[in-house]
Amino acid sequence: MTPAEKYRDNFKSLEEELLIAATQYALAWKFGNWTARRRMLSVHERLLRNVRCELQELYDVTNMEQDEYRREFVKTFNLWVKSLPKLAKEQLDLIKNYTDVFVDEDE
């Protein structure tokens, strides 16, 4: 089974969550009330933290596979990232560029 077949549901779920996060982020900036905006941005942060955790779990699972399979997974993952809608890519970039911002408070 190829990585694309094995992890199809994971990729689809991650894409949906990234799009939900993008919508949450856009909605937050529509509010003039700072308190409402701050609450919505904290939800956005939680969404991104969840996506980051899911990406880490996916990495951990695939890291236990054979080397050739992992190389194939990386190719599949990169193709998936390139196929994402622009808004989802922007959210993924936020996770990559600002990972330390989304560290769990209890860590």
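Everything below is about the structure printed above this text.
Cut-offs used in this document
Residues numbered from 1 in each chain as written. Predicted model: local features only at pLDDT ≥ 70, side-chain atom pairs only at ≥ 80, totals over all residues. Heavy atoms only, no water. Axes fitted to C-alpha atoms, helices over the stretch in contact; angles between N-to-C directions. Helix = DSSP H or I, 4+ residues; strand = E, 2+ residues; numbered from the N terminus. Parallel < 35°, antiparallel > 145°, perpendicular 65-115°, else oblique. Contact = heavy atoms within 4.5 Å. Nonpolar A, V, L, I, M, F, W, Y, C, P; charged D, E, K, R; others polar. Core = buried A, V, L, I, M, F, W, Y, C linked by side-chain atoms within 4.5 Å. Buried < 20%, exposed > 50% of the residue type's maximum accessible area, 1.4 Å probe, protein only.

Draft legend 1. Spotlight on the packing of helix H3 (residues 34-63) against helix H5 (residues 86-97). At a minimum axis separation of 10 Å, H3 and H5 run at an interaxial angle of 80°. Our classification of the angle between H3 and H5 gives roughly perpendicular. Where H3 approaches H5, its residues His44, Leu48, Val51, Arg52 and Leu55 are matched on the opposing element by Gln91, Leu92, Leu94 and Ile95. Its residues assigned to classes, the contact of H3 with H5 comprises 6 nonpolar, 2 polar and 1 charged.

Draft legend 2. Focus on the nonpolar core. Membership of the largest hydrophobic core comes to 17 residues, with the highest contact counts inside it found for Leu18 and Trp80. Elements that contribute at least two residues to this core include exactly helix H2 (8-28), H3, helix H4 (67-83) and H5. Not counting chain neighbours up to four residues away, the residues in contact with Trp80 comprise Phe11, Leu14, Glu15 and Leu18.

Draft legend 3. Looking closely at the environment of Phe77. Note that Phe77 resides in helix H4. With 12 residues separating them in the primary sequence, Phe77 and Lys89 have C-alpha atoms 13 Å apart.

Limitation: the analysis is restricted to geometry and does not speak to function.
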